[in-house]
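If you want the building blocks of each chain, they are given just below.
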Amino acid sequence: MSSQVNRQAIARALAALAAGLVFGVGLALSQMIDPLKVLGFLDVSGAWDPSLMFVMGGAVVLAAAGFYLVLLRRRPLLDERFDLPSRAAIDARLLLGSALFGVGWGLAGYCPGPAIATLGLGNAEAWWFVPAMLAGAGLQRWQSQRRARTGATAADAPAS
Amino acid sequence: MLQFTPWSALGGGLLIGLSAVVLLALDGRIAGVSGIAGGLWFSSAGDRLWRVAFLAGLVGGAALWALAGGALPSPRAHFPAALLVLAGLLVGYGTALGGGCTSGHGVCGLARGSPRSLAATATFVAVAVASTFVVRHVLQIS
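Note that the structure is a prediction, hence the values are computed from the model and not measured.

Topic: the overall build of chain B
Right, so step 1: Counting secondary structure elements, chain B contains six helices and zero strands.
Right, so step 2: Ordered by position from the N terminus, the helices and strands of chain B form the series α-α-α-α-α-α.
Right, so step 3: Each principal axis of the C-alpha distribution contributes one length, and for chain B these read about 45 × 40 × 30 Å.
Right, so step 4: Within chain B, buried positions represent 56% of all 142 residues.
Right, so step 5: Of the contacts made within chain B by residues no fewer than 6 positions apart, 45% connect residues no fewer than 24 positions apart.

The following block contains the structure:
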């Protein structure tokens, strides 16, 4: 029973590894691992390079068709259920978080995927960026957990 | 001078989309890199292996590209490390707060037709355009 569970977990990890490899090659082929290429898109004042729109366009169209077909099934091949985001609200958290991300993305030209993919390419920039990125994510998740915990405690406490 | 490269951009984009479809079809997961990486914090042991495997694949995919002789960017010579650290902190904190990045909201969310992801993507692209303008043309760092 438990070896069955382990085998499933290993199968899921191998599938994730394969998906990651394809993603990494896609980032390299599209030059999204080059921060100057990304900044060439974000810098609309100079010789604007619209390539990034083609990357996103290709990815979104293929994913939309693929997701549609995949979600006709009741469950993924290697797990019990689809783990899809359930939040729908366009709230301050979403907009503030996205704005902070945008500031950081425009500062250096790295978003999370390309930064992590660059770790193996002998470019020191990623080794400054990625640990800071993980620290920032850890800080926010820690704050959010602590808030949820104190919120729960306050709600459980008798009103007095 | 950088050039517009529509075909390699489209090809790379299709591979990224394919990766997202594979991860959803097999593991039932959304290929959002910030969520996969940030989810390593406070996650249960059983939820970690696939995350590490995906991230290792990202590194491995780019490395395989390099080994196969694919073109690599030439690193910037004098880009300040402090700016990379500041950018990393903002990207990590912001994507955790906003629940996604270019892949999670920008690719997977838009592909699912999520208005929330459209709002997120419009916001981070618009702010990144402004941020790039300030860094390059006001502060003149590149």
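A short note on the nonpolar core
Right, so step 1: Among the nonpolar cores identified, the biggest contains 93 residues, and Ala 63 and Phe 129 of chain A together with Val 21 and Val 107 of chain B are the most heavily contacted of them.
Right, so step 2: Here this core gets 13 residues from one element, more than from any other, and that element is helix H1 (residues 6-27) of chain B.
Right, so step 3: There are two domains that each give this core at least three residues, and those are domain 1 (1-84) and domain 2 (89-160) of chain A.
Right, so step 4: With residues near it in sequence (within four places) discarded, Val 107 of chain B still touches Met 56, Ala 59, Val 60 and Ala 63 of chain A together with Ile 16, Gly 17 and Ala 20 of chain B.

Digging into the interface of chain A and chain B
Right, so step 1: The interface of chain A with chain B comprises 105 residues on the first partner and 102 residues on the second.
Right, so step 2: At the level of elements, helix H1 (2-29), helix H2 (35-42), helix H3 (51-70), helix H4 (92-108), helix H5 (112-117) and helix H6 (124-156) of chain A are the ones that each hand at least two residues to the side of chain A that touches chain B.
Right, so step 3: For the side of chain A that touches chain B, the leading source of residues is H1 of chain A, giving 18 residues.
Right, so step 4: Among the residues making up the side of chain A that touches chain B, the classes are represented as 68 nonpolar, 24 polar and 13 charged.

Concerning unusual backbone geometry
Right, so step 1: Positive phi is not limited to glycine here, since Phe 42 of chain B has a value of about 55°.
Right, so step 2: Take Phe 42 of chain B: it is sitting in the loop between helix H2 (33-38) and helix H3 (49-67).

Criteria and thresholds
- Residues numbered from 1 in each chain as written.
- Chains lettered and ligands numbered in written order.
- Predicted model: local features only at pLDDT ≥ 70, side-chain atom pairs only at ≥ 80, totals over all residues.
- Helix = DSSP H or I, 4+ residues; strand = E, 2+ residues; numbered from the N terminus.
- Buried ≥ 20, exposed ≤ 12 C-beta atoms within 10 Å, placed from the backbone.
- Contact = placed C-beta atoms within 7 Å.
- Core = buried A, V, L, I, M, F, W, Y, C linked by C-beta atoms within 7 Å.
- Domains from an automatic or database assignment.
- Nonpolar A, V, L, I, M, F, W, Y, C, P; charged D, E, K, R; others polar.

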